[in-house]
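Structural characterization, general
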Amino acid sequence: MNVLVILIPVSLVLGALGLVAFLWSLRANQYEDLEGDAWRILSEDDKAPRDKH
């Protein structure tokens, strides 16, 4: 039972930190262009060095 006195506040603090990090990422516009990242992976980059082997 004494362990719960430590674990419950620790879990609440960690949950609050996760919530703060998520809200920060929303305000910093981290989720604005999800489609662009997916298409950028598929596009070919002509400036990339090619292996001649």
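What counts and how
Residues numbered from 1 in each chain as written. Predicted model: local features only at pLDDT ≥ 70, side-chain atom pairs only at ≥ 80, totals over all residues. Heavy atoms only, no water. Helix = DSSP H or I, 4+ residues; strand = E, 2+ residues; numbered from the N terminus. Buried < 20%, exposed > 50% of the residue type's maximum accessible area, 1.4 Å probe, protein only. Areas by Shrake-Rupley, 256 points an atom, 1.4 Å probe, with all protein chains shown as cover. Contact = heavy atoms within 4.5 Å. Patch = residues over 30% accessible without salt bridge, like charges linked within 9 Å, V, L, I, M, F, W, Y side chains within 5 Å. Salt bridge = Lys/Arg side-chain N within 4 Å of Asp/Glu carboxyl O.

What to know about the overall build of the chain
When helices and strands are tallied, the chain shows two helices and zero strands. Relative to its 53 residues, the chain shows a buried fraction of 4%. Carbon and sulfur atoms make up 65% of the accessible area of the chain, which totals about 5600 Å².

Some remarks on the environment of serine 25
Locating serine 25 in the fold gives a position in helix α1 (residues 2-27). Assessed through its relative accessible area of 9%, serine 25 is described here as buried. Discounting residues that sit within four places of it in the chain, serine 25 has contacts with Gln30 and Tyr31.

Observations concerning a nonpolar patch on the surface
On the surface, Met1, Val3, Leu4, Leu7, Ile8 and Leu12 cluster together into a nonpolar patch covering about 660 Å² of accessible area. By relative accessible area, which is 52% here, valine 3 ends up exposed.

Some details on unusual backbone geometry
Of note, asparagine 29 is a non-glycine position whose phi angle comes to about 60°, a positive value. As for its placement among the helices and strands, asparagine 29 is situated in the loop between α1 and α2 (34-42). What makes asparagine 29 partly exposed here is its relative accessible area of 47%.

A closer look at the pattern of salt bridges
Considering all chains together, one arrives at one salt bridge under this definition. A salt bridge links aspartate 33 to arginine 40; its shortest N-O distance comes to 3.2 Å.

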